[in-house]
Amino acid sequence: MILDPIGRDEARELARRELEKQIYQRDRPSMLERWWDEFAEWLQDLFNRAPNPGSQGSGGGWVSIAIIVIIALVAVGLVVWLMWGRRNLRSRTDPLLDEAPSTALDHRAAAERHAAAGQWAEAIRERLRAIARDLEERAVLAARPGRTADELAAEAGEAVPELADELAAGVRIFDDVWYGDRPGTAEGYARMTDLDERLRAMKPKPLESDDLSLAGADGDGGPRW
């Protein structure tokens, strides 16, 4: 049996069809992978040229350094933006305490119940609320409806400067849990509890009576506990 010879064009077409079969495409890099490889090669070429910016030629070394610096600044800016985005704007607008009357003891008891049930996010929030209410009850802070967690850290840090850093760290734990999608932990609750106990052991100077009266007038009401 004599077979007709296959022409060059027909052989090329048969080979193309064969290579297009799925079995040959399985290990082929994706478009994203190919783009990343090309970018990595381009970046590596920049780094290779950057150490010799003073060499004779077109000045490609200086251009490479400038581009690398720009890329680094963009990367840092992106990281900062992402980290700032985790601090949801609600952390600077949502009031920490509810309008309903409560006491520091109420919030501590609620915190302990949540902790016993392993509900660490709720326990952390209630312990921070206990701190806020306790400072109001002792007239260290004026009872002001609508105070946010960030405002609590700033105002309490001025009233008790010895624990200003710890207050800021405690509010960051709260913000990360409630607005940053991080899970609450026993360690985070333990830090908040320690902060509460250290604040209770201190005797900061209460506000002057005139300041309390002014704060009550601005807040459209007296202390709510």
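Residues numbered from 1 in each chain as written. Predicted model: local features only at pLDDT ≥ 70, side-chain atom pairs only at ≥ 80, totals over all residues. Heavy atoms only, no water.

Caption draft 1: Layout of the overall build of the protein chain. If you tally the helices and strands in the protein chain, you get 10 helices and 0 strands. Secondary structure of the protein chain in N-to-C order comes out as α-α-α-α-α-α-α-α-α-α. Buried residues in the protein chain amount to 30% of all 225 residues. For the protein chain, the share of sequence-separated contacts (at least 6 apart) that also reach a separation of at least 24 residues comes to 66%. Split by element, the accessible area of the protein chain, about 15,100 Å² in all, is 58% carbon and sulfur. (Helix = DSSP H or I, 4+ residues; strand = E, 2+ residues; numbered from the N terminus. Buried < 20%, exposed > 50% of the residue type's maximum accessible area, 1.4 Å probe, protein only. Contact = heavy atoms within 4.5 Å. Areas by Shrake-Rupley, 256 points an atom, 1.4 Å probe, with all protein chains shown as cover.)

Caption draft 2: Region of interest: the pattern of salt bridges. For the structure on display, the rule yields 14 salt bridges. Across the salt bridge formed by glutamate 112 and arginine 127, the nearest N and O atoms sit 2.7 Å from each other. Of this pair, glutamate 112 sits in helix α5 (residues 104-116) while arginine 127 sits in helix α6 (residues 120-137); the two residues are 15 residues apart in sequence, bridging distant segments of the chain. In this structure, arginine 138 engages aspartate 134 in a salt bridge whose closest nitrogen and oxygen atoms are separated by 3.0 Å. Using a relative accessible area of 26% as the deciding quantity, one classes arginine 138 as partly exposed. For aspartate 134, a relative accessible area of 9% corresponds to the buried category. (Salt bridge = Lys/Arg side-chain N within 4 Å of Asp/Glu carboxyl O.)

Caption draft 3: Just the packing of aromatic side chains, in detail. In this structure the tally under the stated criterion is 2 aromatic pairs. Geometrically, the ring pair formed by tryptophan 120 and tyrosine 189 is tilted, given 5.9 Å between the ring centres and 40 degrees between the ring planes. Linking tryptophan 120 in helix α6 with tyrosine 189 in helix α9 (residues 186-201), this pair joins segments that are 69 residues apart in sequence. Seen in terms of ring centroids, phenylalanine 174 and tyrosine 179 are 5.9 Å apart; in terms of plane orientation they differ by 85 degrees. Their pairing is edge-to-face. (Phe/Tyr/Trp six-rings, centres within 6.5 Å; stacked < 30°, edge-to-face > 60°.)

Caption draft 4: Region of the structure containing a negative patch on the surface. A grouping of Glu33, Asp37, Glu38 and Glu41 is seen on the molecular surface, where their side chains present a negatively charged patch. You can see glutamate 33 is positioned in helix α3 (residues 31-49). (Patch = residues over 30% accessible without salt bridge, like charges linked within 9 Å, V, L, I, M, F, W, Y side chains within 5 Å. Lys, Arg positive; Asp, Glu negative; His and termini not counted. Charge placed at Lys NZ, Arg CZ, Asp CG, Glu CD.)

Caption draft 5: Inspection of α6 at higher detail. Taking 1.5 Å per residue as the helical rise, α6 with its 18 residues ought to reach 26 Å, and the 25 Å between its terminal C-alpha atoms agrees with that figure. Of all 18 residues that make up α6, 14 are buried, and the element is covered over most of its length. Remark: alanine 139 follows α6 within two positions and exhibits a positive phi of approximately 60 degrees. (Expected span 1.5 Å × (residues − 1).)

Caption draft 6: Up close: unusual backbone geometry. The phi torsion at alanine 139 lies on the positive side, around 60 degrees, for a residue other than glycine. Along the chain, alanine 139 turns up in the loop between α6 and α7 (149-159). For alanine 139, a relative accessible area of 17% corresponds to the buried category.

Caption draft 7: Expanded view of the side chain of aspartate 134. Within the element layout of this structure, aspartate 134 appears in helix α6. The contact partners of aspartate 134, leaving out residues within four places of it in the chain, are Ala104, Arg108 and Arg200.

Caption draft 8: Here's a closer look at the packing of helix α8 (residues 164-179) against α9. Axis separation between α8 and α9 bottoms out at 10 Å; the angle between their running directions is 145 degrees. Viewed along their axes, α8 and α9 form a crossing whose handedness is left-handed. Along its contact with α8, which presents Glu166, Leu167, Ala169, Gly170, Ile173 and Phe174, the element α9 presents Gly188, Arg191, Met192, Leu195, Arg198 and Leu199. Looking at side-chain class alone, the contact of α8 with α9 contains 7 nonpolar, 2 polar and 3 charged residues. (Axes fitted to C-alpha atoms, helices over the stretch in contact; angles between N-to-C directions. Left-handed = near helix turned anticlockwise from the far one by under 90°. Nonpolar A, V, L, I, M, F, W, Y, C, P; charged D, E, K, R; others polar.)

Caption draft 9: Highlighting the packing of α7 against α8. Across the interface, α7 lies against α8 with an axial gap of 9 Å and an inter-helix angle of 175 degrees. When the interaxial angle is binned, α7 and α8 end up roughly antiparallel. Side by side, α7 and α8 meet where Ala149, Asp150, Ala153, Ala156 and Gly157 of the first sit next to Ala164, Leu167, Ala168, Val171, Phe174 and Asp175 of the second. For the contact of α7 with α8, the per-class residue count stands at 8 nonpolar, 1 polar and 2 charged. (Parallel < 35°, antiparallel > 145°, perpendicular 65-115°, else oblique.)

Read these as geometric descriptors, not functional statements.
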